[in-house]
Amino acid sequence: MRLRFAPSPTGHLHIGGARTALFNFLLARRHGGVFVLRIEDTDRARSRPEYEEEILRDLRWLSLDWDEGPGVGGSRGPYHQMQRLDHYGPYIDQLLAEGKAYRCNCSAERIQQGREALQAAGRKPMYDRHCRDLDLGPDCGEHVVRLKVPLEGSTAFDDHVRGRVEIDNAEIDDFVIRRSNGLPPYNFVVVVDDHEMGITHVVRGEDHINNTPKQVLIYRALGWEPPEFAHAPLILGPDGSRLSKRHGAVSVGAYREEGYLPEALVNYLVRLGWSHGDDEVFSLDELISVFSLDGITKAGGRWDVDKLRWLNQVWMKRLDPADLAERARPFLVAAGADPALIDDRLVPAVLTVRERARTLVELGEQARFYFVPDDALDWDEQAVKKHIKASTRPILDGLLAVLEGVEDWSQEGLEAAVKPWVEAEGIKLGKVAQPVRVSLTGKGVGPGLWEMLAAIGREVALRRIRAGRDKAAAREAAAGR
Ligand code: GLU
């Protein structure tokens, strides 16, 4: 099997494009086939090298590596359409010589009149085939080349998702296969490229399904066997209309920046148009062993950011902690952590917030307090007022006395040292935990007491609790005045 993803570098890699790439990649990997990346850059006005770079970067980030294409090479290149322009002309000449295509020099007005006449006669408005049998030569002035679509019969293909798709040839225009500027349009170019690249399966979005009969006609005219087709359903927005910018971020890059893991995005994307029983969580390797065209659904999935967030947390918990910590590092810095303070406390720190964070952005914000100078803590004044009071001072003094003597500064060691003291003093644990949490983090909500104390380390913990004690003492003094 040879499959391809053929993006146009006219914008960012979209969610829908990434899903198409994923489906093709998975099929190629599942069946020991080849995954080709082809850049369809013939739209000179809109194509940009930056977009191409971004698309390659995002595909690599998703681990959708290609076997042939830009940066990799391959025997069926070039893989940029702009470098293939000399491939198309000979086939058009062949069709002209065989009488399967014809030159048309109709003016735009003539074409319009023809359409209107057809419409007035109650027929589908299309090119009226004025030049079809005129046998115009290359010297007929400014002209296009059109395919001679059979006047009778129908064109059909068996789509792996939609089933048999059949359309009366009478409904198909004698469409242009070479523009007056000499360049062939998408439908022609894609057929030549897919054929020359030996593509056996074309898997793409349903938005292309109307092009497929025209492409099948071109295959037949050139005497080639068409590939197999599968048109995946469009991804829908939460309101059921086609997913678009007005529903929020639609580019892969935006989700990376929002702190989603590529594992989660791949997992989420595959389920928008494919299912395997009720299973929800799949790694790329698991997908490679179960993915098949039969699982592609007719109905498109709706974009559901809560589900994506859920899957992202699932994946944050599945990652090896050291790996998660490294991926969290840039997000911590973006949240204001001081890179110089990020030391070997990183892994335990990240683990203390993993349960409550759904993205790396949230993880970075929640773990920030571990790695900032004390005076850069983000204070929640309400929480300070509520939990660092005059009555807190003796509690923190007592706790400090216990903590200063702790030798095993681990979750277990801390718990074993502090619990007996709390019980002996008859203090509720919350009366200790909240002032400690506020002293360490600046806030009234945060990780569990023992894991947080262990992760932040003895030195910072004692320093911040002493500062909390001093604040409480100041309030005590103010109250006593
Ligand atoms: N360049 C086309 C697109 O981005 C590819 C269409 C196809 O897969 O045939 O939509």
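Q: Go over the site of the ligand, please, and point to the residues and values.
A: Around the ligand lies a shell formed by Arg-4, Ala-6, Ser-8, Glu-40, Tyr-186, Val-190, Arg-204 and His-208. Measuring from an oxygen atom of the ligand, one finds a side-chain N or O atom of Arg-4 at 2.5 Å. Between an oxygen atom of the ligand and a side-chain N or O atom of Arg-204, the distance comes to 2.8 Å. Relative to its unbound accessible surface of 300 Å², the ligand loses 79% to contact with the protein. Assessed atom by atom at 2 Å from the grid points, the ligand resides in the largest pocket. Looking at side-chain class alone, the shell around the ligand contains 3 nonpolar, 2 polar and 3 charged residues.

Q: Pulling in residues and values, what's your account of the pairing of strand E4 (residues 144-147)?
A: Going residue by residue along E4, you find Val-144 and Arg-146 tucked away on one face and Val-145 and Leu-147 tucked away on the opposite face as well. For strand E3 (residues 101-104) and E4, the ladder comprises 4 bridges, and the chain directions are antiparallel. The residue of E4 that forms the bridge with Ala-101 is Leu-147. When E4 meets strand E7 (residues 176-178), the two strands line up antiparallel, connected through 2 bridges. Counterpart to Arg-146 in the pairing with E7 is Val-176.

Q: Describe the packing of helix H17 (residues 429-441) against helix H19 (residues 458-480), listing the residues and the values that go with them.
A: Viewed as axis vectors pointing N to C, H17 and H19 meet at an angle of 110°, and their least axial separation amounts to 8 Å. By the angle between their directions, the pair H17 and H19 is classed as roughly perpendicular. Here H17 and H19 pass one another in a crossing that is right-handed. Contact residues: Val-436, Ser-439 and Leu-440 in H17; Ala-461, Arg-464, Ile-465 and Gly-468 in H19. Of the residues contributing to the contact of H17 with H19, the split by class is 4 nonpolar, 2 polar and 1 charged.

Q: Tell me about helix H3 (residues 85-97), and name the residues and values.
A: Looking at H3, one finds that the buried residues are Tyr-88, Tyr-91, Ile-92, Leu-95 and Leu-96. Across the axial projection of H3, the buried residues extend over an arc of 145°, all falling on one side. More than 90 degrees from the buried face of H3, the exposed residues found are Asp-86 and Ala-97. Close packing links the buried residues of H3 with E3, E4, E7, helix H5 (186-196) and helix H6 (212-221).

Q: Residue-level account of unusual backbone geometry, with values.
A: Negative phi values dominate among residues other than glycine, just as trans dominates among peptide bonds. Across the junction of Gly-77 and Pro-78, the peptide omega takes the value -5°, indicating a cis bond. Within the secondary structure, Pro-78 is located in the loop between helix H2 (49-61) and H3. With a phi close to 65°, Ser-63 is a non-glycine residue in the positive phi region. Inspection of the secondary structure assignment puts Ser-63 in the loop between H2 and H3. One non-glycine residue, Asp-135, lies in the positive phi region at around 55°. Asp-135 sits in the exposed class, given a relative accessible area of 72%.

Q: Tell me about the packing of helix H12 (residues 346-353) against helix H18 (residues 449-456), and name the residues and values.
A: Relative placement of two packed helices is described by the angle separating their axes and the distance separating the axes. As a packed pair, H12 and H18 sit with axes 8 Å apart at the nearest point and diverge in direction by 160°. Judged by the angle between their axes, H12 and H18 are roughly antiparallel. You can see that H12 and H18 cross each other, and the crossing is left-handed. Note on element contacts: H18 touches H12 through Glu-451, Met-452 and Ala-455, opposite Pro-348, Ala-349, Leu-351 and Thr-352. When its residues are assigned to classes, the contact of H12 with H18 shows 5 nonpolar, 1 polar and 1 charged.

Q: How would you summarise a positive patch on the surface if you had to cite specific residues and measurements?
A: Residues Lys-385, Lys-386, Lys-389, Lys-428, Lys-431 and Arg-475 make up a contiguous surface patch of positive charge. Along the chain, Lys-428 turns up in the loop between helix H16 (411-425) and H17.

Q: Got a sec to walk through the sheet that holds E7? Specific residues and values, please.
A: Strand order in the open sheet formed by 3 strands is E3-E4-E7, and the pairing between neighbours is antiparallel. At either margin of the open sheet sits one strand with a lone partner, and together these are E3 and E7. Each strand axis lies, on average, 45° off the axis of its neighbour in the sheet, ignoring direction.

Q: Explain the packing of aromatic side chains to me, and be specific about the residues and the numbers.
A: Applying the stated criterion to the full structure yields 12 aromatic pairs. For the pair Phe-23 and Phe-291, a centre-to-centre distance of 5.1 Å together with 40° between the ring planes defines the contact as tilted. With Phe-23 in helix H1 (residues 15-30) and Phe-291 in the loop between helix H9 (284-290) and helix H10 (305-318), the pair connects residues that are 268 residues apart, well separated along the chain. For Phe-23, a relative accessible area of 1% corresponds to the buried category. Through successive ring pairs, a cluster of aromatic residues spans Phe-23, Trp-274, Phe-282 and Phe-291. The residue whose ring lies beneath Arg-146 is Tyr-127, and the NZ or CZ to ring-centre distance is 3.7 Å. Positioned over the ring face of Trp-315 is Arg-318, at 4.9 Å from the centre of the ring.

Q: I'd love a proper account of H16, names of residues and values included.
A: Over its 15 residues, H16 runs 21 Å from end to end, which matches the ideal 21 Å to within 8%, given 1.5 Å per residue. Among all positions of H16, only Gly-413, Leu-414, Val-418, Trp-421 and Val-422 are buried. As for H16, its buried residues are in contact with helix H15 (392-404), H17 and H18. At the exit of H16 stands Gly-426, carrying a positive phi of roughly 70°.

Q: Tell me what's going on with the layout of surface pockets, and back it up with residues and numbers.
A: What the largest pocket holds in volume is close to 1,200 Å³. Every residue lining the largest pocket is counted, 41 residues in all, and those nearest its centre are Ala-6, Pro-7, Ser-8, Asp-207 and His-208. For the lining of the largest pocket, the secondary structure elements donating two or more residues are strand E1 (2-5), H1, H5 and strand E8 (201-205). Here the lining of the largest pocket takes 5 residues from H1, the largest share from any one element. A breakdown of the residues in the lining of the largest pocket according to their chemical character gives 18 nonpolar, 13 polar and 10 charged.

Scoring rules and cut-offs
- Residues numbered from 1 in each chain as written.
- Predicted model: local features only at pLDDT ≥ 70, side-chain atom pairs only at ≥ 80, totals over all residues.
- Heavy atoms only, no water.
- Near = heavy atom within 4 Å.
- Polar contact = N/O pair within 3.5 Å; in protein donor to acceptor, adjacent residues only side chain to side chain.
- Areas by Shrake-Rupley, 256 points an atom, 1.4 Å probe, with all protein chains shown as cover.
- 1 Å grid on protein atoms, 1.4 Å probe; cavity = no way out; pocket = protein on both sides within 12 Å on 5 of 7 lines; lining within 4 Å.
- Sits in = over half its atoms within 2 Å of the grid points.
- Nonpolar A, V, L, I, M, F, W, Y, C, P; charged D, E, K, R; others polar.
- Buried < 20%, exposed > 50% of the residue type's maximum accessible area, 1.4 Å probe, protein only.
- Helix = DSSP H or I, 4+ residues; strand = E, 2+ residues; numbered from the N terminus.
- Pairing = 2+ DSSP bridges.
- Axes fitted to C-alpha atoms, helices over the stretch in contact; angles between N-to-C directions.
- Parallel < 35°, antiparallel > 145°, perpendicular 65-115°, else oblique.
- Left-handed = near helix turned anticlockwise from the far one by under 90°.
- Contact = heavy atoms within 4.5 Å.
- Arc of directions from axis to C-beta.
- Patch = residues over 30% accessible without salt bridge, like charges linked within 9 Å, V, L, I, M, F, W, Y side chains within 5 Å.
- Salt bridge = Lys/Arg side-chain N within 4 Å of Asp/Glu carboxyl O.
- Lys, Arg positive; Asp, Glu negative; His and termini not counted.
- Charge placed at Lys NZ, Arg CZ, Asp CG, Glu CD.
- Phe/Tyr/Trp six-rings, centres within 6.5 Å; stacked < 30°, edge-to-face > 60°.
- Lys NZ or Arg CZ within 6 Å of the ring centre and 35° of its normal.
- Expected span 1.5 Å × (residues − 1).
- Points joined across faces, edges and corners; volume = space filled by probe spheres on them.

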